Amino acid sequence: MKEQQFYRVSGLEDGRRLESRILEERLQKAVADGHRRLLVEAYGHHGIGGRLWKSGDEPVHVRIEGPPGQRVGSMGFPNTRIEIMGPASDDTGWLNAGADIVVHGNAANGTANAMAQGKIYVAGNIGARGMTMTKHNPRFDPPELWVLGSVGDYFAEFMAGGIAVICGHNPQNPENILGYRPCVGMVGGKIYFRGPHKGYSQADAKLIAISDADWDWLINNLRIFLETVRCPDLYSRLTRREEWQLLTARSPHEKLVQPRRSMNVFNREVWDKELGRGGLLGDLLDPTQGPVPVITTGHLRRFVPVWENREYKAPCEASCPTGIPVHERWRLVREGRIDEAVDLALAYTPFPATVCGYLCPNLCMQGCTRKVSNMAPPDVSRLGKASLTADLPPFPPITGKGVAVIGGGPAGISIAWQLRRLGHEAVIYDTERTLGGKLSFLIPKTRIPQEVLNAELERVRKVIPHVYVEQRPGAQEIEQMKLDYDFIVIAVGAQKPRVLPIPGKERLVPALSFLRQSKVDQAEVGKRVVIIGAGNVGCDAATEAYRLGAEEITLIDVQQPLSFGKEREAAEAVGARFRWPCFSKAVTEEGLELTTGEVIPADTVIISIGDMPDLDFLPGSVTVERGFIKVNDMYQTTDPQIFAIGDAVKLGLLTDAIGAGRKAARAISDILADKIPSQGGTQEMIDYTRIKLEYFDPRLERFEDVAACALQCSSCGTCRDCGVCINVCPQAAISRRENGNGTFEMVADPDKCIGCGFCAAACPCGVWNLVENEPLE
């Protein structure tokens with residue numbers, strides 16, 4: 001029978017290294033698909049060959065070419081054979097549960113660490129702490145480690161079972177093949193070795209004579225080992241019985257009667273002998289054998305506190321697609337600068353009241369440190385609603401650069417607003433009779449007061465006076481715009497509804513059409529309404545149907561509905577029922593027929609399964625993929641003069657569109673200034689665990705006003721100037737220093753600081769961090 005060929009699994013894809021997790025998933029899939037001989041091209045990948053249990057009792061052979069990473073064969077299963085065609089990294093065979101592992105070269109530290117079953121053959125030397133914490137279940141054969149050369153320091157530390165064979169052929173240290181301090185804590189197992197050594201833990205191990213049975217076992221298995229590592233010619237050289245010795249663990253009774261070494265003897269015979277008089281600090285301190293008399297400061301500290309003020313994003317800012325630094329607004333409120341807190345939002349969005357105050361699901365509050373700790377987050381919608389009266393910020397003079405924005409919805413207005421803030425003139429072209437897009441024509445008036453939207457649109461018109469409504473440019477007009485403007489931005493949204501190809505589809509009412517008509521009270525529904533698609537738009541349709549007289553409203557979906565937030569709550573409040581999974585078969589006069597044969601009675605069937613952008617007007621230089629415009633990280637299309645943002649690129653929230661407008665405007669401005677566009681947003685979010693909420697009352701569930709909200713903000717990553725660190729420091733090492741420009745910083749005096757970490761542990765904002773000191777030279 002012809003030998004099965006190896007199935008190749010590469011650690012590279014398109015010239016890039018795969019993550020170790022992805023490579024392991026592909027190995028698992030290959031075994032699940034029936035492959036039993038796998039050739040792995042490794043590039044430092046961890047954990048290769050472990051847990052291949054899906055083969056059952058069928059043997060699996062894994063051959064590794066290239067440098068593997070740590071933990072090859074970790075948790076390896078019986079019937080798995082792993083062959084490394086070169087050296088191996090740390091922890092080869094860690095927690096091995098039965099695999100046979102062959103290393104055609106040296107192996108690094110931790111080989112066979114915590115191994116319970118299986119065999120490891122090494123055709124060279126191994127590093128430190130090999131065969132440590134191994135164990136042996138009497139129900140199975142003991143684990144075995146075979147090393148052709150020598151082993152590193154602390155070999156067989158806490159060894160509780162198994163067999164090790166060290167052949168001593170071409171060892172790394174010909175004078176000591178067992179390394180420094182082997183067998184410490186050894187309680188079980190055997191170690192066969194050949195060659196000189198410089199001692200072992202005699203309190204834990206002892207030399208015994210090799211019996212005939214032990215010798216027969218050794219020479220029989222030695223032949224198998226040498227053949228496996230391709231050195232069979234060494235057999236006669238390595239089978240001279242007089243050259244071999246055998247170590248085994250002392251019994252508990254034997255350990256009890258062993259004399260114990262005093263600390264003075266240990267210092268004299270071990271510590272000073274290895275490190276010199278005084279040990280590690282002998283060149284710094286008086287080499288006495290007593291304790292160090294003082295807690296160190298300065299450069300002798302192991303850890304030092306670092307004041308990392310504003311080096312990380314607060315979770316609220318990181319969670320906001322628009323990028324509004326909400327914690328900064330609360331800081332301004334705490335400082336009594338409410339007007340500045342209100343005005344700050346206009347630097348990020350032209351709709352702080354409409355969106356932040358009424359329509360946004362407030363992802364900043366969902367990501368708030370208080371929220372993830374089951375405490376009520378500060379209500380940012382209060383700040384949003386207060387922003388209706390915000391004063392316009394000063395705008396710089398026009399630079400003479402012009403950008404055409406096609407689309408007057410949230411995305412188009414956002415980028416036009418941001419471009420004007422950067423000094424560039426933006427001209428908006430829109431197909432509707434007025435600005436606003438879905439804000440003006442689709443979102444139910446029950447969710448946003450009309451006077452609020454009108455006020456913010458009027459503010460936009462003051463900043464962006466050049467607006468052309470009821471304009472539908474085509475491909476030729478786009479080409480002319482490329483001559484007339486420096487850049488073009490496509491922000492047309494998604495207005496083309498998806499439909500189901502089922503009988504009776506002509507009876508379906510698209511959700512966008514229904515919402516547009518209901519906005520002006522022209523939609524008509526019967527008493528029974530079924531909505532296909534239970535997302536947030538479907539929920540809006542449900543609440544509008546109820547307002548227009550519907551009594552029975554059912555939303556169906558093929559999966560658990562993705563609707564959330566205010567829209568879902570409003571739909572549930574009017575009695576709408578949610579059903580899933582349901583699959584539509586046909587629309588009839590009676591209602592909606594499901595694939596199960598059930599007919600849900602309906603006078604009106606609304607479909608809300610998503611919408612697509614209408615992009616027929618785009619020139620051929622702009623690539624469209626799966627119905628959406630293809631862009632790079634800065635929202636530039638395949639035509640370098642054309643950018644695209646909002647739902648024309650990817651369906652998302654209002655805040656996603658507004659945030660994309662800000663990022664794209666910054667990129668366009670950088671290009672106009674002959675700069676490399678800044679990606680922005682590289683600052684990481686602060687770790688939740690650094691914030692201390694113990695200073696706040698967890699019983700508070702609501703806040704009376706904006707000031708109360710501000711007081712409960714933990715100001716994650718930004719110093720609140722509370723003075724807790726100053727008061728808690730046991731050495732009085734921390735002081736507040738004015739920088740002279742209205743800013744300050746907290747400073748730790750290295751001559752007083754002992755690196756205890758009290759400041760980091762007590763800081764409510766997570767600003768202090770305790771890091772390792774620089775090593776002494």
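Cut-offs used in this document
- Residues numbered from 1 in each chain as written.
- Predicted model: local features only at pLDDT ≥ 70, side-chain atom pairs only at ≥ 80, totals over all residues.
- Heavy atoms only, no water.
- Helix = DSSP H or I, 4+ residues; strand = E, 2+ residues; numbered from the N terminus.
- Rg over C-alpha atoms; globule rule 2.2 N^0.38 Å.
- Buried < 20%, exposed > 50% of the residue type's maximum accessible area, 1.4 Å probe, protein only.
- Contact = heavy atoms within 4.5 Å.
- Lys, Arg positive; Asp, Glu negative; His and termini not counted.
- Charge placed at Lys NZ, Arg CZ, Asp CG, Glu CD.
- Salt bridge = Lys/Arg side-chain N within 4 Å of Asp/Glu carboxyl O.
- Polar contact = N/O pair within 3.5 Å; in protein donor to acceptor, adjacent residues only side chain to side chain.
- Domains from an automatic or database assignment.
- Buried area = accessible area lost by both parts, 1.4 Å probe.
- Phe/Tyr/Trp six-rings, centres within 6.5 Å; stacked < 30°, edge-to-face > 60°.
- Disulfide = S-S within 2.5 Å.
- Core = buried A, V, L, I, M, F, W, Y, C linked by side-chain atoms within 4.5 Å.
- 1 Å grid on protein atoms, 1.4 Å probe; cavity = no way out; pocket = protein on both sides within 12 Å on 5 of 7 lines; lining within 4 Å.
- Points joined across faces, edges and corners; volume = space filled by probe spheres on them.
- Nonpolar A, V, L, I, M, F, W, Y, C, P; charged D, E, K, R; others polar.
- Pairing = 2+ DSSP bridges.

J.: Teacher, can you tell me more about the overall build of the protein here?
T.: A count of helices and strands for the protein gives 22 helices and 34 strands. Computed over the C-alpha atoms, the radius of gyration of the protein is 36 Å, more than 25% above the 28 Å expected from 2.2 N^0.38 for a compact globule of 777 residues. Each principal axis of the C-alpha atoms in the protein carries an extent, and together these give about 105 × 80 × 55 Å. Relative to its full complement of 777 residues, the protein shows a buried share of 50%. A fraction of 62% describes how many contacts in the protein between residues 6 or more apart in sequence connect residues 24 or more apart. Averaging the coordinates of the 88 positive side-chain charges in the protein and doing the same for the 96 negative ones gives two points 3 Å apart.

J.: Sorry, what's going on with unusual backbone geometry here?
T.: Leaving glycine out, the prevailing phi sign among residues is negative, and the prevailing peptide bond configuration is trans. Cis peptide bonds are those with omega within 30 degrees of zero, and the linkage from Trp-580 to Pro-581 qualifies with -10 degrees. When you line up the elements, Pro-581 lands in the loop between strand S23 (577-579) and strand S24 (584-587). In the Ramachandran plot, Arg-230 falls in the positive-phi region, its phi being about 65 degrees despite a non-glycine side chain. Arg-230 sits in the exposed class, given a relative accessible area of 52%. Although it is not a glycine, Arg-310 sits at a positive phi angle of roughly 65 degrees. Residue position: Arg-310 is located in the loop between strand S14 (303-307) and helix H5 (315-319).

J.: Honestly, the environment of Gln-70 in this entry has me stumped. Any pointers?
T.: Among the structural elements, Gln-70 can be located in the loop between strand S5 (60-65) and strand S6 (80-84). With 56 residues separating them along the chain, Gln-70 and Ile-126 place their C-alpha atoms 14 Å apart. Not counting residues up to four positions away in its chain, the partners in contact with Gln-70 are His-45, His-46, Gly-47, Ser-89 and Asp-90.

J.: Is there a simple way to think about the side chain of Arg-331 in this case?
T.: Turning to its location among the elements, Arg-331 is positioned in helix H6 (residues 326-334). The exposure class of Arg-331 is buried, given its relative accessible area of 17%. Excluding residues within four positions of it along the chain, Arg-331 makes contact with Arg-310 and Arg-337.

J.: For this particular structure, what's the right way to read the pattern of salt bridges?
T.: If the charged atoms of two oppositely charged side chains come close together, the side chains can form a pair. Under the counting rule described, the total for this entry stands at 45 salt bridges. The shortest N-O distance in the salt bridge between Arg-337 and Glu-340 comes to 2.9 Å. Arg-547 is paired through a salt bridge with Asp-521; the nearest N and O atoms lie 3.0 Å apart. Here Arg-547, found in helix H17 (residues 536-547), pairs with Asp-521, found in the loop between helix H16 (511-519) and strand S21 (528-532); they are 26 residues apart in sequence, far enough to count as distant. Classification of Asp-521 as partly exposed rests on a relative accessible area of 44%. Because the salt bridges share partners, they merge into one network encompassing Arg-310, Glu-328, Arg-331, Glu-335, Arg-337 and Glu-340.

J.: Whenever I open this one, the side chain of Arg-301 confuses me. Can you help?
T.: As for its placement among the helices and strands, Arg-301 is situated in the loop between helix H4 (263-275) and S14. Here Arg-301 sits buried without a salt bridge, and the closest side chain of opposite charge, Asp-751, lies 7.5 Å off (N-O distance). Side-chain polar atoms of Arg-301 contact the backbone oxygen of Gly-298, separated by 2.8 Å. Those residues in contact with Arg-301, other than ones at most four positions away along the chain, are Thr-296, Pro-750, Cys-753, Ile-754, Gly-755 and Asn-773.

J.: Quick question: what am I supposed to make of the domain arrangement of the protein here?
T.: How big an interface is tends to be stated in terms of the accessible area lost upon association of its parts. According to the domain assignment, the protein contains domain 1 (105-255), domain 2 (261-290), domain 3 (402-494 + 613-672) and domain 4 (496-612). Look at where the C-alpha atoms of domain 3 and domain 4 centre, and you get two points 29 Å apart. With 19 residues of domain 3 at the contact, the number on the domain 4 side is 14 residues. Three residues, Leu-442, Lys-445 and Arg-447, lead the burial of domain 3 against domain 4; their summed loss comes to 35% of the area buried on that side.

J.: Looking at this model, I keep getting lost on the packing of aromatic side chains. Mind explaining?
T.: Two measures describe an aromatic ring pair: the distance that separates the ring centres and the angle between the ring planes. Taken as a whole, this structure holds 11 aromatic pairs when the rule is applied. Aromatic side chains Phe-395 and Trp-417 sit 5.9 Å apart centroid to centroid with 90 degrees between the ring planes, which places their arrangement in the edge-to-face category. With Phe-395 in the loop between helix H11 (380-386) and strand S15 (402-406) and Trp-417 in helix H12 (residues 410-421), this residue pair connects regions lying 22 residues apart in the sequence. Judged by its relative accessible area of 23%, Phe-395 falls in the partly exposed class. On the basis of relative accessibility, which here comes to 0%, the residue Trp-417 falls in the buried class.

J.: Mind showing me how you'd approach the state of the cysteines here?
T.: One way to say it: the disulfide is the covalent bond shared by the sulfur atoms of two cysteines. A full pass over the atoms with the stated rule returns zero disulfides. Of the cysteine sulfurs around Cys-231, a residue in no disulfide, the closest is that of Cys-167, at 9.8 Å. Here Cys-320 stays unpaired: no disulfide links it, and the sulfur of Cys-364, its closest cysteine neighbor, is 6.1 Å away. For Cys-320, a relative accessible area of 15% gives the class buried.

J.: How do you make sense of the nonpolar core when you look at a structure like this?
T.: One broad rule of soluble globular proteins: the nonpolar side chains tend to lie buried together. Counting residues in each nonpolar core, the largest one holds 45 residues, and the members touching the most others are Val-62, Ile-64, Leu-145, Phe-155 and Ile-191. Per element, the largest residue contribution to this core is four residues, and it comes from helix H1 (residues 20-32). Contact partners of Val-62, with chain neighbours within four places excluded, come to Leu-38, Val-40, Ile-48, Leu-52, Arg-81, Ile-82 and Glu-83. Residues Phe-351, Ala-353, Leu-435 and Ile-443 belong to the second largest nonpolar core, which totals 44 residues.

J.: I tried to follow the layout of surface pockets on my own but got confused; where do I start?
T.: A water-sized probe, rolled over the atoms, reveals where empty space remains. Here the second largest pocket defines a volume of roughly 730 Å³. Lining the second largest pocket are 22 residues, with Arg-181, Tyr-200, Ser-201, Arg-261 and Val-270 positioned closest to its centre. The leading source of residues in the lining of the second largest pocket is H4, at four residues. Of the residues that constitute the lining of the second largest pocket, the class distribution is seven nonpolar, six polar and nine charged. Each of domain 1 (105-255) and domain 2 (261-290) accounts for three or more of the residues forming the lining of the second largest pocket.

J.: Any chance you could explain empty space enclosed by the protein here in plain terms?
T.: Going through the model one piece at a time under the given rule, you end up with five cavities of 30 Å³ or more. Within this model, the largest cavity holds a volume of roughly 150 Å³. Surrounding the largest cavity, 19 residues form its lining, Cys-316, Trp-330, Cys-368, Pro-378 and Cys-713 being those nearest its centre. Those elements giving two or more residues to the lining of the largest cavity turn out to be H5, H6, helix H9 (363-367) and helix H10 (369-372). Per element, the largest residue contribution to the lining of the largest cavity is three residues, and it comes from H6. Classifying every residue of the lining of the largest cavity gives 13 nonpolar, five polar and one charged.

J.: Explain the pairing of strand S11 (residues 188-194) to me, please; I cannot follow it from the model alone.
T.: It is a general feature of regular strands that their side chains alternate between the two faces of the sheet. Within S11, five of the seven residues are buried, which leaves the element mostly enclosed by the surrounding structure. One ladder, built from five bridges, connects S11 with strand S13 (residues 244-249); its direction is antiparallel. Paired with Lys-190 across the two strands is Thr-248, which belongs to S13.

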